[in-house]
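An overview of the molecular structure
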Amino acid sequence: MANSLVIVESPAKAKTIEKFLGKGYHVLASYGHVRDLPSKDGSVDVENDFLPKYIVSAKAKKQLALLKKALKDADELVLATDPDREGEAIAWHLLEALGVDEKGDSPKVSRVVFHEITKAAIAEAMAKPRKISTELVDAQQARRILDYLVGFNLSPVLWRKIPGSRSAGRVQSVALRLICEREAEIEAFKAQEYWTIEATMASARKTNFAARLHAIDGQKIVASAKHLESSTYQVIADQQAAEQLVEEIRPLPVHVSAVTRTEKKRRPAAPFTTSTLQQEANRKLGFSARKTMSLAQRLYEGVDTGDGPVGLITYMRTDSVTLSNVAIDEARQVIDQRFGKQYIPAKPRVYKSKAKNAQEAHEAIRPTGLARHPEKLNTVLDRDELRLYKLIWERTIASQMADAILDATTVDILAGEKFQFRSSGQVVRFPGFMKVYIEGKDTESEEVEGLLPSPNEKEALSFEELRCEEHTTQPPPRYTEASLVKILEEYGIGRPSTYAATMNTLVERNYVQLIKRVFYPQDLGREVIRFLMQCFDKYVDYQFTANMEDDLDAISLGKGDWKTFLKEFWGPFKQEVEGVKEIRFVGEPLDEKCPECQKQLSKKFGRNGYFIACNGYPECKYTRPINGERHDEPVFSDEKCEKCGALMQFKEGRYGKYLACSAYPECKNNQPLVKPKSLGISCPSCKEGEIMEKKSRYGKIFYSCNRYPKCKYALWDEPQEEPCPKCAFPLTVVKTTKRYGTVQKCPQEECDYQVTLVEPEKKAPAKKPAAKKTAKKKA
């Protein structure tokens, strides 16, 4: 029997697949990429057709040696890495690193792909081997080299121009721009007030329902912020106008002018893609994109369900919304068994991807076996794995269920001749797919759910209550992970499989903060974007970045050349980088003059964030905090300079307020605002000075000799004028910690004298975990 070596990417997947293949097959993992571009300058030879200088990564060397050893006994090498560009590139890199010729016979090489890890899918894949796709490898290689060229040429410029900046990536910079521009919109937003007239209507049948003033003399009234800018709507702008309308309407006769009943149908959402899975897991489960992909990876690679490991979902990196015929048939059977035939549509549903740059035609993300209900996996999966699996199962089943049918009713009411009120409501007549799953939203819906009474046309009504209500427009919402993923995909920027890493990088670089699932740009991130928009605006342009994705897609389809693509990008980009190196990047100019030299002030960025500084630097060194007070006139202290006799002046620097000589720059004497305090203890080191209590530039108390810098003796712990009873050192110190309480000890390292003054607080005993209930065995 032939001996075949099968290489996959992860060990969990290897274990699952080896069980399905049986004897004659040895399955090992590469643990991801085995070769990559080193993180240093010169890893791509741009003068030699962008030749990449790949190296075997340090962490891959041990595993590669194991693969080479196993390959010696193999007649066939099967490359079964993931079914996408990245997986295709890993397969190619494996051949290069192992020194194997794909066209040779020793061993024979084949490439197989599968989108789910089940016995049937593996058998089908092994029966249809193919060669490595050079088009997919070229597309991935072009993307990797492009990202390297941008990162290793743009980032060093950024480091020199902006203190604290760390990187500028091709996709990450565009994502950061989106977040920063949204924050600028929120800051510039001016709330607008508008009013509505609300009523509670009563009929002769003693049934009440709510209504709102809809129109006056046929002109509609603004009832939501989206209509404020429309010239066809009338705005009730203030409370006085609203109260006048209430008084005018209150005595008028009221009757029903029209009742409209319509049937609405609601279709289910398509099965999950990578992007929509990340969005829904964030909205419904509160998972980050990174956590979602990690959990999905585990579900895909295989979980032991009792009969051995099996993949529970299909491949989780996909743009496709299609389901196989087998999956559709299985879904319809499950729907029939669990919900009844009325929940099955007449024809199977077929979906088409709306995403720009939809990639390889994989299947959507779905359970590998729809008969495997989440309830059956309670004891197999952990809590978060089960929640994600349940979300995928429900979305898949719902996508093949019948439409939901809703009854919508609109009642128009006239008060007098010119005031039209309207009441709307809808109820679910048949839930259809809504019985299983309803797609989440990033913003609240304005649809009114609820049953309305059934008044007749011309029926007389009366006002049970009539009031005016104030409303205020709200700024656009900040991006969540879900809404950021959605907008990036809509623009066609990056790949959904990389969004998790992109967002994580922004947080790690301190460009943004993620607080309660919402992105807030930090000063550093805003300054990075200001620099990129000023100096590299083309490369953070949404359309430019999306067009690059189109070009990479063309390469993957064999319609473009990767070297030509890189040449067209590199020339103009390198020229701009060289030009920017000579530009002095200055802060944002302010409409304010420097109080010291009368030159213009600017808002600048330093290692501690934004501050105000004079454009006359280095001749003028005037600065103040961004939120500091403006002092057109210097503020003097009563204290005089001990060196020249001039008055001391209050100043503020990066470490807070201090005193500086007003004769600066002739006299450069500075003094802390809080003077050192003498403890009356002689310095044990020089025997001439005395110990002073001082405050460090960071505000921490310490103790040192007043003859500094001649004597550099210093302590962090408070000294006591009590000699050590063990070694006779002239003083001891008192120190307080949570672990040891308050102790008095000798400051000399070689002396172990220590006495406890105050015992540490005893910790409350930890609560014992509740005993797990064991299920009673059936007799």
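Just above sits the structure.
The following refers to the structure shown. (Residues numbered from 1 in each chain as written. Predicted model: local features only at pLDDT ≥ 70, side-chain atom pairs only at ≥ 80, totals over all residues. Heavy atoms only, no water.)

Looking at unusual backbone geometry
Defined as follows: Helix and strand definitions follow DSSP, with helices as H or I runs of at least four residues and strands as E runs of at least two, each counted in order from the N terminus. Burial classification: accessible surface area is computed with a 1.4 Å probe over protein chains only, and a residue below 20% of its type maximum counts as buried, one above 50% as exposed, and the rest as partly exposed.
The residue after Tyr-617, namely Pro-618, is reached through a cis peptide bond having omega 10 degrees. Residue placement: Pro-618 occurs in the loop between β23 (609–614) and β24 (623–625). The peptide bond linking Tyr-708 to Pro-709 adopts the cis configuration, its omega dihedral lying at 10 degrees. Along the chain, the position of Pro-709 falls in the loop between β31 (701–705) and β32 (714–715). Of note in this structure, Asp-217 is not a glycine but carries a positive phi near 55 degrees. Here Asp-217 is to be found in the loop between β10 (208–216) and β11 (219–221). Residue class for Asp-217 comes out exposed when judged on its relative accessible area of 60%. Residue Arg-517 is not a glycine yet carries a positive backbone phi of 70 degrees. If you trace the backbone, Arg-517 turns up in the loop between β19 (512–515) and β20 (518–521).

Overview of the nonpolar core
Just so we agree on the cut-off: By convention a nonpolar core is built from buried Ala, Val, Leu, Ile, Met, Phe, Trp, Tyr and Cys residues, the set being connected through side-chain atoms within 4.5 Å. We call two residues in contact when some of their heavy atoms are within 4.5 Å.
Of all hydrophobic cores here, the largest spans 62 residues; its most connected members are Leu-484, Phe-531, Leu-532 and Phe-536. Where this core is concerned, the elements lending two or more residues are α5 (134–161), α6 (170–188), α12 (481–491), α13 (499–508), α14 (523–535), α15 (542–556) and α16 (562–581). For this core, the leading source of residues is α5, giving 10 residues. The contact partners of Leu-484, leaving out residues within four places of it in the chain, are Ala-175, Leu-178, Ile-179, Tyr-479, Met-503 and Phe-519.

Quick notes on the side chain of Gln-63
In plain terms, the rule: Here a polar contact is recorded for every N or O atom pair within 3.5 Å, except that within protein the pair must consist of a potential hydrogen donor and a potential acceptor, and residues adjacent in sequence are included only if both atoms are side-chain atoms.
With respect to the helices and strands, the residue Gln-63 is situated in helix α2 (residues 58–71). Note on Gln-63: relative accessible area 16%, which makes it buried. A polar atom in the side chain of Gln-63 sits 2.7 Å from the backbone oxygen of Ala-29. Those residues within four positions of Gln-63 in sequence are excluded, and the remaining contacts are Ala-29, Ser-30 and Tyr-31.

Remarks on the pairing of strand β16 (residues 404–415)
Quick note on the threshold: If DSSP finds at least two bridges between two strands, the strands pair.
Judged by how many residues are buried, β16 sits mostly within the fold: 9 of 12 residues are covered. Two strands pair when backbone bridges link them, and strand β13 (residues 254–266) and β16 are joined in this way by 12 bridges, in the antiparallel orientation. Bridge pairing in β16 places Val-259 opposite Val-411. Following β16, the chain reverses through 3 residues before pairing antiparallel with strand β17 (residues 419–430); Gly-416 in that reversal takes a positive phi of roughly 70 degrees.

Some remarks on the packing of aromatic side chains
Put simply, the rule is: For this analysis, a ring pair means two rings from Phe, Tyr or Trp (six-membered ring only for Trp) whose centres lie within 6.5 Å, classed as stacked if their planes differ by under 30 degrees, edge-to-face if by over 60, and tilted for the remaining angles. Criterion for a charge above a ring: Lys NZ or Arg CZ within 6 Å of the ring centre, and within 35 degrees of the ring normal.
One pass over the structure, following the stated rule, counts 18 aromatic pairs. Between Phe-569 and Phe-573, the ring centres sit 5.0 Å apart and the planes meet at 20 degrees, which makes this aromatic pair stacked. Pair noted here: Phe-569 and Phe-573 are both in helix α16, with a separation of 4 residues, about one helical turn. Neither residue differs from the other here; Phe-569 and Phe-573 are each classed as buried. Feature note: the residues Phe-531, Phe-536, Tyr-539, Phe-544, Phe-569, Trp-570 and Phe-573 constitute an aromatic cluster, connected by ring pairs. Seen from the ring of Trp-92, Arg-35 lies directly overhead, with NZ or CZ sitting 5.6 Å from the centre. Above the ring of Tyr-542, the side-chain terminus of Arg-177 is found at 4.2 Å from the ring centroid.

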